[in-house]
Amino acid sequence: MDRTRIAYLSKKVYFSAAHRLHSSNLTEEENKETYGKCNHPNGHGHNYTVEVIIRGEIDPKTGMVINLVELKKCMNVAIMDVLDHKNLDKDVPYFSINPSTTENIAVFIWDNVKENLPKGNYELYEVKIHETKDNTVIYRGE
């Protein structure tokens, strides 16, 4: 008896971007206290690693959950074209009203990938962002 097989497929991209952790909802002093050195007026940068995980049925004809070429195109449009070598706070309108924390970057990427993901028997399962070797954010659309 045949049964549906589910797999999780992961693809990574790497981008560099500058930002300043700062919230318009906080005073200057609260921003300094909350974000510390990451609130420096001239900002700072990171080399981010973004992992997009897709959950879906393994197609019995192709043996794939999603064609990696299509996923790469989606990630280029949704992540690389918008964020790579940018000042997040100045070049990406979303971050002019949302602090450019890694949590908010994960939400932004989730929304963009979901919007650009080709239709199929799969779904966006997780966005994982490694901001540094020690700091990682996982977002699952919740």
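Residues numbered from 1 in each chain as written. Predicted model: local features only at pLDDT ≥ 70, side-chain atom pairs only at ≥ 80, totals over all residues. Heavy atoms only, no water.

### Focus: the UniProt feature "binding site: Zn(2+)" (unreviewed entry) in the protein chain
Worth spelling out the cut-off: UniProt positions are given in the numbering used here, feature names are shortened, and annotations may be inferred rather than shown by experiment. Going along the chain from the N terminus, every DSSP run of H or I of four or more residues is numbered as a helix, and every run of E of two or more is numbered as a strand. Burial classes follow relative accessibility: with a 1.4 Å probe on protein chains only, a residue under 20% of its type's maximum area counts as buried, one over 50% as exposed, and anything between as partly exposed. Any pair of residues with heavy atoms lying within 4.5 Å of one another is described as a contacting pair.
UniProt tags His19, His44 and His46 as "binding site: Zn(2+)" (unreviewed entry). For the residues just named, distributed over 28 residues, the greatest C-alpha separation is only 8.4 Å, placing them together at one site. Assignment of secondary structure puts His44 in strand S2 (residues 44–57). Among the residues examined, His44 registers a relative accessible area of 22% and is labelled partly exposed. Residues contacting His44, with those up to four places away along its chain left out, are Ala17, Ala18, His19 and Cys38. As for its position among the elements, His46 is in strand S2. For His46, a relative accessible area of 13% puts it in the buried group. Contacts of His46, omitting those with residues within four sequence positions, involve Phe15, Ser16, Ala17, His19, Glu131 and Thr132.

### Examining the packing of helix H2 (residues 68–83) against helix H5 (residues 102–116)
Quick reminder of the rule: In this analysis, axes come from line fits to C-alpha atoms, helices being fitted only over the stretch in contact, and the angle between any two N-to-C directions falls in the range 0 to 180 degrees. These descriptions rest on fixed angle ranges, namely under 35 degrees for roughly parallel, over 145 for roughly antiparallel, 65 to 115 for roughly perpendicular, and the rest for oblique. Here a crossing is called left-handed whenever its near helix is offset anticlockwise from the far helix by less than a right angle, and right-handed whenever the offset is clockwise.
Their axes nearest at 8 Å, the elements H2 and H5 cross at an angle of 140°. Taken together, the axes of H2 and H5 are oblique relative to one another. In this structure, H2 meets H5 at a crossing whose hand is right-handed. Seen from H2, the contacting residues are Cys74, Val77, Ala78, Ile79, Val82 and Leu83; seen from H5, they are Ile105, Phe108, Ile109, Asn112, Val113 and Asn116.

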